[in-house]
Amino acid sequence: KQEVTQIPAALSVPEGENLVLNCSFTDSAIYNLQWFRQDPGKGLTSLLLIQSSQREQTSGRLNASLDKSSGRSTLYIAASQPGDSATYLCAVRGNNAGNNRKLIWGLGTSLAVNP
Amino acid sequence: EAGVAQSPRYKIIEKRQSVAFWCNPISGHATLYWYQQILGQGPKLLIQFQNNGVVDDSQLPKDRFSAERLKGVDSTLKIQPAKLEDSAVYLCASSLETGGLGKLFFGSGTQLSVL
């Protein structure tokens, strides 16, 4: 059974710092992995989607990497800004048909970027 | 491109009352999801539609929850009767790809409080 863990649960950094959020998963047979951002009281915004055949994806100041063999993904945020403050969730989709194709979610990392 | 629309934004009801949520996905997206997100947890899939057919409703409490997507476009999720533990944010999401294997786009959610 796939389990997704995100560490740390909360992170507070000063503005301008580069930071890394971690996501680990127990079953390496994945179809893809997505990183989402959630602002308080709002829905989720998809940031990056990495297919199982890819090693990384980049969008602006965000870079997500994927290492299936070790069951890990990292989200790198460069030059953090107060507007980056939000909860970041990782979700993994399995590679087998049926219920294994369901998205399995981590609990998220709550990020605060202080001016 | 218009995003996923959800209404209402907030709803407060008393236990044993009924409530309905509405979702209109992004135009052309065949896959529609309803998720329940309790504070501090990741989203929990309630039901997944592919056009107007149900793909997965294994975690939908069918004694009180129902959902439909009659014409394969917009969708309604109903709770009758509501319980205190149904207090959560109800998120609708859609995906372009068949089987919903690609990027998910979420609406802003409906925050439900059951008193």
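It should be noted that the structure appears before, not after, this text.
One numbering rule holds for all chains: residues counted from 1, following each sequence as written. All chains are assigned letters beginning at A, and all ligands numbers beginning at 1, according to the order in which they are written. Only residues with pLDDT of at least 70 are given local features in this predicted model, and only at 80 or more are side-chain atom pairs given and counted; all residues enter the totals for whole chains, interfaces and linings. Only heavy atoms go into the side-chain values, all of them from the structure, while hydrogens and water stay out.

Draft legend 1. Local environment of the overall build of chain B. Along the backbone of chain B there are zero helices and eleven strands. Ordering the α and β elements of chain B from the N terminus gives β-β-β-β-β-β-β-β-β-β-β. The reference for a compact globule is 2.2 Å times residues^0.38; the radius of gyration itself is calculated from the C-alpha atoms. In summary, chain B has a C-alpha radius of gyration of 13 Å against a globular reference of 13 Å for 115 residues, a match within 12%. Taken over the C-alpha atoms alone, chain B extends approximately 40 × 25 × 25 Å along its principal axes. The 115 residues of chain B split such that 47% are buried. By the criteria applied, helices consist of DSSP H or I runs no shorter than four residues and strands consist of E runs no shorter than two, each listed in order from the N terminus. A 1.4 Å probe rolled over the protein chains alone gives each residue an accessible area, and that area as a share of the maximum for its type sets the label: buried under 20%, exposed over 50%, partly exposed in between.

Draft legend 2. Layout of the sheet that holds strand β8 (residues 75-79) of chain B. Residues and elements named next belong to chain B. In this analysis, strands are considered paired if DSSP registers two or more bridges between them. Read from one edge of the open sheet, four strands run β1-β3-β8-β7, paired in antiparallel fashion. The sheet terminates laterally at β1 (5-7) and β7 (65-68), the two strands that pair on one side only. In this sheet, neighbouring strand axes are inclined to one another by 15 degrees on average, regardless of whether the strands run parallel or antiparallel. When strand β3 (residues 19-24) meets β8, the two strands line up antiparallel, connected through five bridges. The residue of β8 that forms the bridge with Val19 is Ile79. Only the stretch in contact is used when a helix axis is fitted, and all axes are lines through C-alpha atoms; the angle between N-to-C directions ranges over 0 to 180 degrees.

Draft legend 3. Broad picture of the sheet that holds strand β1 (residues 4-7) of chain A. Residue and element names in this part refer to chain A. One open sheet accounts for five strands, arranged β1-β3-β8-β7-β6; its pairing is antiparallel. Two strands in the sheet have a free side with no partner beyond their single neighbour: β1 and β6 (56-59). Mean inter-strand twist for the sheet, computed between neighbouring axes without regard to direction, equals 15 degrees. Alignment of β6 against strand β7 (residues 62-67), held across four bridges, turns out to be antiparallel. Looking at the pairing, Glu56 lines up with Ser65 of β7.

Draft legend 4. Inspection of the pattern of salt bridges at higher detail. Residue and element names in this part refer to chain A. We define a salt bridge as a contact between a side-chain nitrogen of Lys or Arg and a carboxyl oxygen of Asp or Glu at a distance within 4 Å. Scanning the entire structure with this criterion turns up five salt bridges over all chains. In this structure, Arg61 and Asp84 form a salt bridge, with 2.9 Å as the shortest nitrogen-oxygen distance. Taken together, the residues span a long stretch of sequence, with Arg61 in the loop between β6 and β7 and Asp84 in the loop between β8 (72-77) and β9 (86-94) at a distance of 23 residues. The partly exposed category is assigned to Arg61, whose relative accessible area is 30%.

Draft legend 5. Structural context of the pairing of β7(A). The antiparallel pairing of β6(A) with β7(A) creates a hairpin that spans two residues between the two strands, and Gly60(A) there sits at a positive phi of about 60 degrees. Joining the antiparallel neighbours β7(A) and β8(A) is a turn of four residues, in which Gly71(A) adopts a positive phi near 65 degrees.

Draft legend 6. Spotlight on the pairing of β7(B). Residue and element names in this part refer to chain B. Bridge analysis of β7 against β8 gives four bridges, and the strand direction is antiparallel. Counterpart to Glu68 in the pairing with β8 is Thr76. As consecutive antiparallel partners, β7 and β8 are separated by six residues, and within that stretch Gly72 has a phi angle of approximately 75 degrees, a positive value.

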